[in-house]
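Inside the fold
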Amino acid sequence: MPDSPFLGQCDCGTTAGPLGVCADYYHAILAEEQADPEMYRWHGPVVCAYLLQHPSRGHEKYLDSQFRYLQFYVDKGLDALLRVAAHQVARNNHRARSGYDMTPVATYAPLPLGETPRHFRATFCELPCSDGSFVSDGHLAYGRRIETIAEATLEAWRPLQA
Ligand SMILES: [Zn+2]
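All values reported here derive from a predicted model rather than from experimental measurement. (Residues numbered from 1 in each chain as written. Predicted model: local features only at pLDDT ≥ 70, side-chain atom pairs only at ≥ 80, totals over all residues.)

Another point: the overall build of the protein. What the protein contains, in helices and strands, is six helices and zero strands. The order of helices and strands in the protein, counted from the N terminus, is α-α-α-α-α-α. The buried share among the 162 residues of the protein stands at 29%. Long-range contacts, defined as pairs at least 24 residues apart, comprise 70% of the intrachain contacts of the protein with a sequence gap of at least 6. (Helix = DSSP H or I, 4+ residues; strand = E, 2+ residues; numbered from the N terminus. Buried ≥ 20, exposed ≤ 12 C-beta atoms within 10 Å, placed from the backbone. Contact = placed C-beta atoms within 7 Å.)

Put into structure tokens, the structure is as follows:
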């Protein structure tokens, strides 16, 4: 049964977990955080880490800014990232444009060109989901797991830098 999620392997190289491949976890997280403002605080890092672990699912033109924003998050923390994000929303509403403002992250390394990493030490498939919830042991524990995935994502990409 090669299409069984239990036996499946994800694009990122990890083995599928009880919910399936990373995409299944990602969509379950997006659904749960819609109803949980505290969990939603990690929305940005979740999206950036997921797309950088599965670049074929993202838009190539945004991956570089997502890579830099993930570095900003690991470096400066969630509160700093949320301040920048709030500023961007205001800016986008004002100018009616979409896309990322690169100013706050201009000093971070660009996304390396070339091959996509084939292994990450922490992935979405490994996130515990208990009774249908990713935050059953608290938001801080969830946040630490997202931070670990973010760090693992950066670690896997960095050796590819020329
Ligand atoms: Zn994956």
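Right, picking up where we left off after that structure.
The next thing to look at is the confidence of the model for the protein. Predicted confidence across the protein gives a mean pLDDT of 89, with 88% of residues reaching 70 or more. Every residue in residues 1-6 scores below 50 in pLDDT, and together they form seven contacts with partners more than four places removed in sequence or on other chains. (pLDDT = per-residue confidence, 0-100.)

Counting residues in each nonpolar core, the largest one holds 37 residues, and the members touching the most others are Cys-22, Ala-49, Leu-70 and Phe-124. Among the secondary structure elements, those contributing two or more residues to this core are α1 (22-34), α3 (43-53), α4 (60-76) and α6 (139-157). The element that contributes the greatest number of residues to this core is α6, accounting for seven residues. (Core = buried A, V, L, I, M, F, W, Y, C linked by C-beta atoms within 7 Å.)

Of all 11 residues in α3, nine are buried, a share of seventy percent or more. For α3, the full list of buried residues reads Gly-44, Pro-45, Val-46, Cys-48, Ala-49, Tyr-50, Leu-51, Leu-52 and Gln-53.

Look at α1 against α3: their axes get within 11 Å of each other, and the N-to-C directions meet at 165°. Overall, the two elements α1 and α3 adopt an arrangement that is roughly antiparallel. Both α1 and α3 take part in a crossing whose hand is left-handed. Each of Cys-22, Tyr-26, Ile-29 and Glu-33 in α1 lies in contact with α3, whose residues at this interface are His-43, Val-46, Tyr-50 and Gln-53. Here the residues of the contact of α1 with α3 sort into five nonpolar, two polar and one charged. (Axes fitted to C-alpha atoms, helices over the stretch in contact; angles between N-to-C directions. Parallel < 35°, antiparallel > 145°, perpendicular 65-115°, else oblique. Left-handed = near helix turned anticlockwise from the far one by under 90°. Nonpolar A, V, L, I, M, F, W, Y, C, P; charged D, E, K, R; others polar.)

This next bit is on unusual backbone geometry. Positioned with a positive phi, Asp-131 is a non-glycine residue whose angle comes to about 50°. Along the chain, Asp-131 turns up in the loop between α5 (78-95) and α6.

Relative to the 18 Å expected for 13 residues at 1.5 Å per residue, α1 spans 18 Å between its end C-alpha atoms, a close match to the ideal helical length. Along its buried surface, α1 packs onto α3. (Expected span 1.5 Å × (residues − 1).)

At a minimum axis distance of 10 Å, the contact between α4 and α6 shows a crossing angle of 125°. Relative to α6, the element α4 lies oblique. Judged by the twist between their axes, the crossing of α4 over α6 is left-handed. Between α4 and α6, the residues in contact are Phe-67, Leu-70, Gln-71, Tyr-73 and Val-74 and Ala-150, Glu-151, Thr-153, Leu-154 and Trp-157, respectively.

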